[in-house]
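Here is what each chain is made of, one letter per residue.
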Amino acid sequence: MVKFKRVCVFCGSNVGNREIFSDAALDLGQELVRREMDLVYGGGSVGLMGLVSQTVYHGGRDVLGVIPTALVPVEISGHTVGDVMVVADMHGRKAEMARRAEAFIALPGGYGTMEELLEMITWSQLGIHNKPIGLLNVDGYYDCLLGIFDKGVEEGFIKHSARNIVIAAKTAGELIEKMENYAPLHTQVAPSRSWNDEDPGMANL
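These notes cover the structure that comes with them. Just so you know, these numbers come straight off a predicted model, no measurement behind them. (Residues numbered from 1 in each chain as written. Predicted model: local features only at pLDDT ≥ 70, side-chain atom pairs only at ≥ 80, totals over all residues. Heavy atoms only, no water.)

Considering unusual backbone geometry
We count it as follows: To qualify as a helix, a DSSP run of H or I must reach at least 4 residues; to qualify as a strand, a run of E must reach at least 2; elements of each kind are numbered from the N terminus. To sort residues, take the accessible area from a 1.4 Å probe on protein chains only and compare it with the maximum for the residue type: under 20% means buried, over 50% means exposed, and anything in between is partly exposed.
Notably, Glu 36 is not glycine yet its phi reads approximately 60 degrees, a positive angle. Structurally, Glu 36 is set in the loop between α1 (19–34) and β2 (38–41). Its identity is not glycine, yet Asp 139 carries a phi of approximately 50 degrees, on the positive side. With respect to the element layout, Asp 139 can be found in the loop between β6 (133–136) and α6 (143–154). For Asp 139, a relative accessible area of 51% translates into the label exposed.

Remarks on the packing of aromatic side chains
What counts is decided by this rule: Working definition: rings of Phe, Tyr and Trp (its six-membered ring) pair if their centres are within 6.5 Å, and the pair is stacked with planes under 30 degrees apart, edge-to-face with planes over 60 apart, and tilted otherwise.
What the rule picks out here adds up to 3 aromatic pairs. Taking the centre distance of 4.9 Å and the plane angle of 90 degrees together, the rings of Tyr 141 and Tyr 142 count as edge-to-face. Residue classification places Tyr 141 among the partly exposed positions, given a relative accessible area of 34%. Owing to a relative accessible area of 1%, Tyr 142 belongs among the buried residues under this scheme.

Comments concerning the side chain of Glu 31
Rules: By definition, residues are in contact when any of their heavy atoms lie within 4.5 Å.
As for its placement among the helices and strands, Glu 31 is situated in helix α1. Residue Glu 31 is classed as buried on the basis of its relative accessible area, which comes to 10%. Apart from residues no more than four positions distant in its own chain, Glu 31 is found in contact with Ala 172, Gly 173 and Ile 176.

Put into structure tokens, the structure is as follows:
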């Protein structure tokens, strides 16, 4: 069983049109607190980002937000939550979140959330990291995306063993339990030491 203590959560700066998404963010935050897990996230105080970060912070756990300079006036409203690291750009944001987390969870979100999720999936496939990646599939929000992954396997673009990289569940508790039992089945494209040697920025992933 994989025990991780610092989770990176990808989620939107909007709350969505239905209360079920806000409820899921609050539930995930409460679950992280219950399991004594700290949070790394995109640094915003609005949308689902604000809900999950405030829940974890007020639950007494450490919270680290990583945000590009350009997004500070857009995604931070009022007081910041926990510690905030301001970086130069989106690449720096993703690299810092990946470096500092031991696992990744995506809540429902838009393009940015999906892009962050897909990059971590790709990095796992390539061999840059072997950390668990979870998809909180609230009310079937990610059914279509999971269907695309299955279609990729069916059509020969994704190896069957690599489909195991993505762990999905409908509730936070179920998802984290699955992630703790995650064991990679895919063969990495290149060993992690190759990436670390070639790119110091990937060290300690």
